[in-house]
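Listed below are the residues making up each chain.
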Amino acid sequence: MDKKTEFVLHTMEERDVRFVRLWFTDILGYLKSVAVAPTEIEGAFSEGIGFDGSAIQGFARVFESDMVAHPDPSTFQLLPWRGDTHATARMFCDIRLPDGSPLFADPRFVLRRALDRAGQMGFSFYTHPEIEFYLFKQPIISGQVPVPADQYGYFDHTTTSPSVDFRRDAITILEQMGISVEFSHHEAGPGQQEIDLRYADALTTADNIMTFRVVIKEVAAAQDLFASFMPKPLSAAPGSGMHTHVSLFEGDTNTFYDASAEYNLSKIGRQFIAGLLSHAAEICAVTNQWVNSYKRLISGGEAPSYICWGQNNRSALVRVPMYKPNKSSSARIELRSIDSGANPYLAFALVLAAGLDGIENELELPEGAEDNVWALTDKQRQAMGIKPLPRSLGMAIDVMEDSQLVADTLGEHAFEFFLRNKKAEYDQYRSVVTEWELSKFLPLL
């Protein structure tokens, strides 16, 4: 028995843990959970917990349904909102087949495989997400526009808004669970919040994002609020993204940093960005996987609609921040397209794969765009070689379907299921008559 397993078993006894929730994620990014009694945990570490994989989105077909969840002891944490008496804990799981082989459709495995490929090239991949979301007043009534929890805006400092207590309580719980928070503030939309998680390796960050969503919703419910990670819940307000800062390290050396280069951006960093730009349209159906995602991407503001990069340009898809220009460990690039409601395992795997492809093929980085790309005309963008991101989920699906990089990164089963599910979602969306259509055309036609 290794030290991590011994620590879990000792902590469970010491803290009187009565329930352990085993967490994993389906292909679409929905969190799944099974509660296990403490007496079963030692066996779960050695043999796993069996379940019917055919009932989980994208995991298996009926005739190959047996799956085994193997808890990762390094992810053990108590759930603070469940109280100290008769405590509840959680662990993330890796999903395997009964013969012990990994389930290729497990999103955690998809990311692990991408990280292994980076490791073979000598790289470690780190990410830092800025997670935006909305707080609404209860009750939430299906089909009706939700009411924001407040009417404040970007960086507003208030004493009366429920957002202040909410962010304090949420951050307290996150830090009790070992999830470090770097910043928090009110965002631009009414009721919109942002909480930024500290840099960590991509797998830890993806686990943290899944935990973050649970914590945010639990704290909101306890305060009679509703938290939503929907990309664009309000027509007249900004959407919610998850701007993600990424960097590659070789040991303790940040490979994106070059003190003598423009923007201190190394050749490897430039090639990584070139890879992101080259494959941006192909990975869009995963980084922005919902029909609603494209309401955010075409709405302007700080949501990117065009495939370009810049240093101090928040309308660009990729930005090179210069917060600490003389600190090599802080060199990073910022991808601004990802939704806060995306599956973080798949999204990070594809971002990494696209960047590594740029490095492997030594792709040339085009000229940066320092103008507001939204303010340019179509002809000006064309002259600069700036192409648009897909304008709808349907367009994103069409591009992804022909992508060898996405197919190789996700694996055949996950790739095919994801495409099939997204096509069904888009077909269903297109058949719905909206309130806008009724109000616009019913009185006239």
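About the criteria used
Residues numbered from 1 in each chain as written. Predicted model: local features only at pLDDT ≥ 70, side-chain atom pairs only at ≥ 80, totals over all residues. Heavy atoms only, no water. Helix = DSSP H or I, 4+ residues; strand = E, 2+ residues; numbered from the N terminus. Buried < 20%, exposed > 50% of the residue type's maximum accessible area, 1.4 Å probe, protein only. Areas by Shrake-Rupley, 256 points an atom, 1.4 Å probe, with all protein chains shown as cover. Lys, Arg positive; Asp, Glu negative; His and termini not counted. Charge placed at Lys NZ, Arg CZ, Asp CG, Glu CD. Phe/Tyr/Trp six-rings, centres within 6.5 Å; stacked < 30°, edge-to-face > 60°. Lys NZ or Arg CZ within 6 Å of the ring centre and 35° of its normal. Core = buried A, V, L, I, M, F, W, Y, C linked by side-chain atoms within 4.5 Å. Contact = heavy atoms within 4.5 Å. Axes fitted to C-alpha atoms, helices over the stretch in contact; angles between N-to-C directions. Parallel < 35°, antiparallel > 145°, perpendicular 65-115°, else oblique. Left-handed = near helix turned anticlockwise from the far one by under 90°. Nonpolar A, V, L, I, M, F, W, Y, C, P; charged D, E, K, R; others polar. Polar contact = N/O pair within 3.5 Å; in protein donor to acceptor, adjacent residues only side chain to side chain. Salt bridge = Lys/Arg side-chain N within 4 Å of Asp/Glu carboxyl O. Pairing = 2+ DSSP bridges. Patch = residues over 30% accessible without salt bridge, like charges linked within 9 Å, V, L, I, M, F, W, Y side chains within 5 Å.

## Regarding the overall build of the protein
Thinking step 1. Across its full length, the protein carries 13 helices and 18 strands.
Thinking step 2. The principal-axis extent of the C-alpha atoms belonging to the protein is close to 65 × 55 × 50 Å.
Thinking step 3. Relative to its full complement of 445 residues, the protein shows a buried share of 55%.
Thinking step 4. Just so you have it, the protein exposes about 20,400 Å², and 51% of that area is on carbon and sulfur atoms.
Thinking step 5. Mean positive and mean negative side-chain charge positions of the protein (40 and 59 charges, respectively) differ by 4 Å.

## What to know about the packing of aromatic side chains
Thinking step 1. Under the counting rule described, the total for this entry stands at 16 aromatic pairs.
Thinking step 2. Seen in terms of ring centroids, Phe 104 and Phe 109 are 5.4 Å apart; in terms of plane orientation they differ by 5°. Their pairing is stacked.
Thinking step 3. Look at Phe 109 and you get buried, because its relative accessible area is 17%.
Thinking step 4. Centre to centre, the rings of Tyr 154 and Phe 155 are 4.6 Å apart; their planes meet at 25°, and the pair counts as stacked.
Thinking step 5. What makes Tyr 154 partly exposed here is its relative accessible area of 49%.
Thinking step 6. Taken together, the ring pairs connect Phe 133, Phe 166, Phe 212 and Phe 229 into an aromatic cluster.
Thinking step 7. Above the plane of the ring of Phe 418 lies Lys 422, whose end atom (NZ or CZ) is 5.9 Å from the centre.

## What to know about the nonpolar core
Thinking step 1. The biggest cluster of nonpolar side chains holds 122 residues, and the ones touching the most others in it are Phe 125, Phe 272, Ile 333 and Leu 410.
Thinking step 2. At 12 residues, helix 8 (residues 344-360) tops the list of elements feeding residues into this core.
Thinking step 3. Aside from chain neighbours lying at most four places away, what touches Phe 272 is Phe 125, Val 246, Leu 248, Phe 256, Ile 333, Val 351, Leu 352, Gly 355, Leu 356 and Ile 359.
Thinking step 4. Residues Tyr 306, Cys 308, Ala 369 and Val 373 belong to the second largest nonpolar core, which totals 6 residues.

## A short note on unusual backbone geometry
Thinking step 1. Omega for the peptide link from Gln 138 to Pro 139 comes to 0°, which places this bond in the cis form.
Thinking step 2. Mapped onto the fold, Pro 139 is located in the loop between strand 7 (124-137) and helix 4 (162-176).
Thinking step 3. You will see that His 86, though not glycine, has its phi angle at about 50°, which is positive.
Thinking step 4. Assignment of secondary structure puts His 86 in the loop between strand 5 (77-78) and strand 6 (87-96).
Thinking step 5. Judged by relative accessible area, His 86 falls into the partly exposed class, the value being 38%.
Thinking step 6. Even without a glycine there, the phi angle at Tyr 263 is positive, about 60°.

## Section: the packing of helix 5 (residues 202-222) against helix 8
Thinking step 1. For the pair helix 5 and helix 8, the least separation of the axes is 9 Å and the interaxial angle reads 150°. Between helix 5 and helix 8, the interaxial angle falls into the category roughly antiparallel. The handedness of the crossing between helix 5 and helix 8 comes out as right-handed. Contact with helix 5, carried on its side by Ala 202, Leu 203, Thr 205, Ala 206, Asp 207, Ile 209, Met 210 and Arg 213, involves Pro 344, Tyr 345 and Phe 348 of helix 8 and no other residues of that element.
Thinking step 2. Its residues placed into classes, the contact of helix 5 with helix 8 shows 8 nonpolar, 1 polar and 2 charged.

## A look at the side chain of Ser 163
Thinking step 1. By the secondary structure assignment, Ser 163 is in helix 4.
Thinking step 2. Excluding residues within four positions of it along the chain, Ser 163 makes contact with Leu 135, Asp 150, His 186 and Gln 193.

## A few points about the environment of Ser 101
Thinking step 1. Structurally, the position occupied by Ser 101 is in the loop between strand 6 and helix 3 (107-120).
Thinking step 2. As for Ser 101 and Val 68, which are separated by 33 residues in sequence, their C-alpha atoms are 10.0 Å apart.
Thinking step 3. Of note is the side chain of Ser 101, whose polar atom sits 2.6 Å from the side chain of Asp 99.

## Some points on the pattern of salt bridges
Thinking step 1. Counted by the stated rule, this structure contains 17 salt bridges.
Thinking step 2. Of the charged contacts, one joins Arg 108 and Asp 207 as a salt bridge, the two residues approaching to 2.7 Å between their closest N and O atoms. Of this pair, Arg 108 sits in helix 3 while Asp 207 sits in helix 5, placing them 99 residues apart in sequence. Taken individually, Arg 108 and Asp 207 each receive the classification buried, so the pair is uniform in this respect.
Thinking step 3. Among the salt bridges present, the one from Arg 296 reaches Asp 339, with a minimum N-O distance of 3.0 Å. Linking Arg 296 in helix 7 (residues 293-297) with Asp 339 in the loop between strand 17 (333-335) and helix 8, this pair joins segments that are 43 residues apart in sequence. By the burial criterion, Arg 296 is buried, and Asp 339 matches it.
Thinking step 4. Connected through salt bridges with shared partners, the residues Asp 72, Asp 94, Arg 108, Arg 112 and Asp 207 form a single ionic network.

## Quick look at the pairing of strand 4 (residues 66-71)
Thinking step 1. With 5 of 6 residues buried, strand 4 lies mostly within the body of the structure.
Thinking step 2. Across 4 bridges, the pairing between strand 3 (residues 49-52) and strand 4 is antiparallel. Note that in strand 4 the partner of Asp 52 across the bridge is Asp 66.
Thinking step 3. One ladder, built from 4 bridges, connects strand 4 with strand 6; its direction is antiparallel. Each bridged residue has a counterpart across the sheet, and for Pro 71 the counterpart in strand 6 is Cys 93.

## As for a nonpolar patch on the surface
Thinking step 1. Among the surface-exposed residues, Trp 436, Phe 441, Leu 444 and Leu 445 lie close enough to one another that they form a single nonpolar patch of about 540 Å² accessible area.
Thinking step 2. Along the chain, Leu 444 falls in the segment after helix 13 (435-441).
Thinking step 3. Overall, the relative accessible area of 67% leaves Leu 444 in the exposed class.

## Thoughts on the pairing of strand 12 (residues 242-250)
Thinking step 1. Strand 12 sits mainly inside the fold: 8 of its 9 residues count as buried.
Thinking step 2. Examined bridge by bridge, strand 7 and strand 12 share 8 bridges and lie antiparallel to one another. Following the sheet pairing, Phe 125 is matched in strand 12 by Leu 248.
Thinking step 3. In this sheet, strand 17 lies alongside strand 12 in antiparallel orientation, the contact comprising 3 bridges. Residue Val 246 lies in a different strand from strand 17, and its bridge partner there is Ile 333.
Thinking step 4. By the bridge criterion, 2 bridges tie strand 12 to strand 13 (residues 253-254) in an arrangement that is antiparallel. Note on strand 13: the bridge partner recorded for Glu 250 is Thr 253.

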